[in-house]
Amino acid sequence: MHFPSRPPRNLASDRATLPGIAVCLAIAAIATGVGNLVPVVGSAVPAIVFGAVLGAVIRPGRRLQPGIKFAGRFFLQLAVVILGTQLSFGTVVHIGATSLPVMLTTLMVCLVLARVVGRLLHVNGTLQALIGAGTGICGASAIAAVAPVIGAASADIAYAVSTIFLFNICAVVSFPILGHLLHLSQQSFGLFAGTAVNDTSSVVAAATTYGAQAANHAIVVKLVRTLMIIPVTVGLAVIHRRRGGVPAGSNAVRTEQQHRRMRALRLIPWFLVGFMLMAMANSCGLIPTVAEPTLARVSSFLIAIALAGIGLATDVAGLLRTGHRPLLLGAVLWVAVTATSLGVQHLSGTL
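Residues numbered from 1 in each chain as written. Predicted model: local features only at pLDDT ≥ 70, side-chain atom pairs only at ≥ 80, totals over all residues. Heavy atoms only, no water.

Q: Just give me the short version of helix α15 (residues 325–348), but keep the residues and values in it.
A: Between its first and last C-alpha, α15 extends 34 Å over 24 residues, near the 34 Å set by a 1.5 Å rise per residue. Following α15 by one or two positions, Gly-349 adopts a phi angle in the positive range, close to 80°. (Helix = DSSP H or I, 4+ residues; strand = E, 2+ residues; numbered from the N terminus. Expected span 1.5 Å × (residues − 1).)

Written out as structure tokens, the structure reads:
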């Protein structure tokens, strides 16, 4: 499945997409119910699992295909835009002195290792990028942002999300125990959880187990960490285009300078521009604080809809053929990010 970096021209008003979207909505609603019952699971993984199982048992017919493709494409991008409403640049400045060094170091280590270890394990480049971004930034949300700009296949997205989920569960179970063994303060554990756990729901689950102060600090760190979506996604877009992943297009009438301007603008996906605008609006107080929890739930539900569509379109047989190597890559990255987060805090004297 290919995800364009521009919004589709025909949205849900196109009647051909409605049946497929309705199926994705139903799966997302069930997945959200599961996530409410078991918060550590969230809604993203159940949505993609239910979709993949349903798609394997009952192959979607032509009537459902347009809506399924639309859901897996547009709703992912829209969810990323709404995610920007959870961020404030004032918050970045407030906690930057303690959290940014840890965040940037763990991200750098994660992305470098994703490339190096991924090559050693013979994991394809797309899956390297998805697992690296998901582990280093913010789980399914980062995968949602990266997938469209690198043309990720549905099988790669499904495997990356499943891999991230597995190690989220490991973190929720083991991190509070590790924190107590290391005698971490509430703030230190909040920084640790916010930088070393991937998915937001799992960050909250792990930090809440440790304490209320840890949870509050971890949530702020996690939201700031989400900002790393921007430079990483734009960087991957540049690399993907230079490798010829997306043709830049041409017109003999335009000058070379115009060509360069056009290419520079097209490197920035529309949904990331929307993401930044929403974050700026939130920083300026244009988004009411009372609306933020609702917007967070909307974003989560949109991601569930999209992942249901991706699951329905997933070639399960092809996913099984992927093998154990991407899972091993995820394990290496998870351990590396955990060790780096604690190590940087220790070196900086904040542990």
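Q: Lay out the environment of Ile-303 in plain terms, naming residues and giving numbers.
A: With respect to the helices and strands, Ile-303 occurs in helix α13 (residues 292–312). Along the backbone, Ile-303 and Leu-78 are 225 residues apart, and their C-alpha atoms lie at a distance of 8.6 Å. When near neighbours in sequence (up to four residues on either side) are disregarded, Ile-303 contacts Ala-44, Ala-79 and Ser-141. (Contact = heavy atoms within 4.5 Å.)

Q: Account for the packing of aromatic side chains, naming residues and giving values.
A: Under the defined criterion, the tally for this structure stands at 8 aromatic pairs. Joined through ring pairs, the aromatic side chains of Phe-167, Phe-175, Phe-189, Phe-192, Tyr-210 and Trp-334 make up one cluster. (Phe/Tyr/Trp six-rings, centres within 6.5 Å; stacked < 30°, edge-to-face > 60°.)

Q: Residue-level account of the side chain of Arg-225, with values.
A: Mapped onto the elements, Arg-225 comes out in helix α9 (residues 212–226). Filtering out sequence-adjacent residues up to four positions away, Arg-225 remains in contact with Met-103, Thr-135, Gly-136, Ile-137, Ala-193, Gly-194, Thr-195, Ala-196, Val-197 and Asn-198.

Q: Describe a nonpolar patch on the surface, naming the residues involved and giving the relevant values.
A: Side chains of Ile-30, Val-49, Phe-50, Val-53, Leu-54, Val-57 and Ile-58 sit close together on the surface and give an oily, nonpolar patch of about 610 Å² of accessible area. When residues in the nonpolar patch are grouped by element, the largest group, 5 residues, is from helix α2 (residues 44–57). By relative accessible area, which is 32% here, Phe-50 ends up partly exposed. (Patch = residues over 30% accessible without salt bridge, like charges linked within 9 Å, V, L, I, M, F, W, Y side chains within 5 Å. Areas by Shrake-Rupley, 256 points an atom, 1.4 Å probe, with all protein chains shown as cover. Salt bridge = Lys/Arg side-chain N within 4 Å of Asp/Glu carboxyl O. Buried < 20%, exposed > 50% of the residue type's maximum accessible area, 1.4 Å probe, protein only.)

Q: Which residues make up the packing of helix α1 (residues 18–37) against α13, and what values do they have?
A: At their nearest, the axes of α1 and α13 sit 8 Å apart, and the two run at 120° to each other. Viewed along their axes, α1 and α13 adopt a mutual orientation that is oblique. For the element pair α1 and α13, the recorded crossing hand is right-handed. Contact residues: α1 offers Val-23, Cys-24, Leu-25, Ile-27, Ala-28, Ala-29 and Thr-32, while α13 offers Phe-301, Ala-304, Ile-305, Ala-308, Gly-309 and Leu-312. Partitioned by chemical class, the residues of the contact of α1 with α13 number 11 nonpolar, 2 polar and no charged. (Axes fitted to C-alpha atoms, helices over the stretch in contact; angles between N-to-C directions. Parallel < 35°, antiparallel > 145°, perpendicular 65-115°, else oblique. Left-handed = near helix turned anticlockwise from the far one by under 90°. Nonpolar A, V, L, I, M, F, W, Y, C, P; charged D, E, K, R; others polar.)

Q: Break down unusual backbone geometry for me, with residues and values.
A: Here His-122, not a glycine, exhibits a phi torsion of approximately 60°, which is positive. In this fold, His-122 is placed in the loop between α4 (89–120) and α5 (125–150). Within the chain, His-183 stands out as a residue other than glycine whose phi angle is a positive 55°. Within the secondary structure, His-183 is located in the loop between α6 (154–181) and α7 (186–196).

Nothing here speaks to function; it is all geometry.
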